[in-house]
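# Working through the structure, step by step
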Amino acid sequence: MAVDKELLELDLYALLGVGEKAADKEIKKAYRHKALTCHPDKNPDNPKAAELFHQLSQALAVLTDAAARAAYDRVRKAKKQAAERTQKLDERRKKVKLDLEAREKEAQAQVSKEEEIQITRTLEEEILRLREEGSRQLEEQQKLIQEQIRREREQRVRGKQDEYGEEGKGTPKLKLRWKCKKEDETKGGYSKEVLLQILQKYGEVLNLVVSSKKAGSAVVEFATVKAAEMAVKNEVGLINNPLKISWLEGEPQNITVFSDGTIQPRITKGSVVSERDYESLVMMRMRQAAERQKLIEQMKLEDEGESCT
């Protein structure tokens, strides 16, 4: 396996933004901070992000392994000392000593070159060993990054928490029941597609599972509490086979959601619903009845078409 030659030219401490004496804990923390900003999953349109992420991963692998870090420090120190020596020698001094020290410098250069080659070879061997054995530290940090990215994605899917919902609860889930015999191939008129068509008008449906063992049973997961409560409050299903909808998880406490989307305290016995809310509920039920009738007519036409064929 070939060693990335560019790695030998990089200042790994500067790349991670830590000092030469930084402990493993500080190095890992700096790696997570920088790797998150340039992770390929978060920068799909930036080709340089993958290269930088690769370099950061190599830097973590080298600097958190004692042997590899020691070898790298020797190479870095030798190059730094050579640069300092060259900088200190001014042009006049080099011209005066050029002839006298030419042979000595040539001999020293040869020795230094051989030492640098040996040190570099040691570092290369350590990097190869890390790649072959796998870096436990690198794997742990990358798992933490993937876990953080997964949590961020889940938060984006679930959206903003309902302001009345209790923190810590998951997305709301409802249980659906209807009359259906096991041998009924039409599933009582409620296929997965029909259920989705009925429920999606209240809001985004994250998941819908129709039970394959218990006929006439399903579970639906909504993205928001508001959508779930509207479904519980208003949906009755098909006229010839009504739906029974009940809460399974995430039922809100002491609130209710009207059909116009507004959220108010839950109406208790003796309270009065405003005329506007009542009219909104009536309009919602009329729209639902029209949609159900349209769905029934469509299913009848499909049945007639199948019988003709």
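Presented here is an overview of the structure given in this document. Being a predicted model, the structure only gives us computed values, none of them experimental. (Residues numbered from 1 in each chain as written. Predicted model: local features only at pLDDT ≥ 70, side-chain atom pairs only at ≥ 80, totals over all residues. Heavy atoms only, no water.)

### Topic: the overall build of the protein
A tally of regular secondary structure across the protein gives 10 helices and 8 strands. Residue burial in the protein is summarised as follows: out of 309 residues, 32% are buried. Considering only contacts within the protein whose residues lie at least 6 apart along the sequence, 67% involve residues at least 24 apart. For the protein, the exposed surface amounts to about 20,800 Å²; the carbon and sulfur share of it is 51%. (Helix = DSSP H or I, 4+ residues; strand = E, 2+ residues; numbered from the N terminus. Buried < 20%, exposed > 50% of the residue type's maximum accessible area, 1.4 Å probe, protein only. Contact = heavy atoms within 4.5 Å. Areas by Shrake-Rupley, 256 points an atom, 1.4 Å probe, with all protein chains shown as cover.)

### Quick word on the packing of helix H5 (residues 66–88) against helix H6 (residues 91–133)
For any two helices packed against each other, the geometry comes down to the angle between their axes and how far apart the axes lie. Remark: H5 packs on H6, axes separated minimally by 9 Å, with the N-to-C direction vectors making an angle of 150°. Here H6 runs roughly antiparallel to H5, going by the angle between their axes. Seen from above, H5 lies across H6 with left-handed handedness. Two secondary-structure elements touch here, H5 through Ala67, Ala68, Ala71, Tyr72, Arg74, Val75 and Lys79 and H6 through Glu116, Ile119, Thr120, Thr122, Leu123, Glu126, Arg129 and Leu130. (Axes fitted to C-alpha atoms, helices over the stretch in contact; angles between N-to-C directions. Parallel < 35°, antiparallel > 145°, perpendicular 65-115°, else oblique. Left-handed = near helix turned anticlockwise from the far one by under 90°.)

### Notes on the pattern of salt bridges
Applying the stated rule across the entire model yields 14 salt bridges. The salt bridge partner of Glu9 is Lys79, with a shortest N-O separation of 3.7 Å. Residue Glu9 is found in helix H1 (residues 5–9), and its partner Lys79 is found in helix H5; the two are separated by 70 residues along the sequence. One salt bridge connects Glu152 with Lys42, and the closest N-O pair in it is separated by 3.6 Å. Note that Glu152 is positioned in helix H7 (residues 136–158) and Lys42 in the loop between helix H3 (24–38) and helix H4 (47–63), a separation of 110 residues in sequence. Take Lys42: its relative accessible area is 41%, and that puts it in the partly exposed class. Where salt bridges share partners, they join Glu147, Arg150, Arg151 and Glu154 into one cluster. (Salt bridge = Lys/Arg side-chain N within 4 Å of Asp/Glu carboxyl O.)

### Remarks on H5
Compared with an ideal rise of 1.5 Å per residue, which puts 23 residues at 33 Å, H5 spans 32 Å between its outermost C-alpha atoms and is within 8% of the ideal. Listed as buried for H5 are Ala68, Arg69, Ala71, Tyr72 and Val75. Lining the buried residues of H5 we find helix H2 (12–16), H3, H4 and H6. Two to three positions downstream of the cap, the backbone nitrogen of Ala67 sits 3.3 Å from a side-chain oxygen, assigning the N-cap of H5 to Asp65. (Expected span 1.5 Å × (residues − 1). Polar contact = N/O pair within 3.5 Å; in protein donor to acceptor, adjacent residues only side chain to side chain.)

### Quick notes on the sheet that holds strand S2 (residues 205–210)
Spatially, S2-S3-S1-S6 is the arrangement adopted by the 4 strands of the open sheet, whose pairing is antiparallel. Both outer strands of the open sheet, S2 and strand S6 (244–249), are each paired with one neighbouring strand and no more. Across the sheet, the mean angle from the axis of one strand to that of its neighbour is 20°, orientation sign disregarded. As defined by bridge partners, strand S1 (residues 173–177) adjoins strand S3 (residues 217–222) across 5 bridges and the pair is classed as antiparallel. Residue pairing across strands places Leu174 opposite Val220, the latter belonging to S3. Together, S1, S2 and S3 form the strand contacts of helix H8 (residues 192–199), whose direction differs from that of S2 by roughly 145°. With respect to the sheet, helix H9 (residues 225–234) is in contact with S1, S3 and S6, its orientation differing from that of S6 by roughly 150°. (Pairing = 2+ DSSP bridges.)

### Looking at the side chain of His39
With respect to the helices and strands, His39 occurs in the loop between H3 and H4. Beyond its immediate sequence surroundings of up to four residues, His39 is in contact with Phe53, Ile145, Gln146 and Ile149.

### What to know about the nonpolar core
Leu16, Tyr31, Val62 and Leu63 are the most contacted members of the largest nonpolar core, which has 31 residues in total. Of all the elements in the fold, those that place two or more residues in this core are H1, H2, H3, H4, H5, H6 and H7. Sorting elements by how many residues they give to this core places H4 first, with 7 residues. Once you skip the residues sitting within four places of it in the chain, Leu63 turns out to touch Leu12, Tyr13, Leu16, Asp24, Ile27, Arg69 and Tyr72. Ile198, Leu199, Phe222 and Leu238 belong to the second-largest nonpolar core, a separate cluster that totals 24 residues. (Core = buried A, V, L, I, M, F, W, Y, C linked by side-chain atoms within 4.5 Å.)

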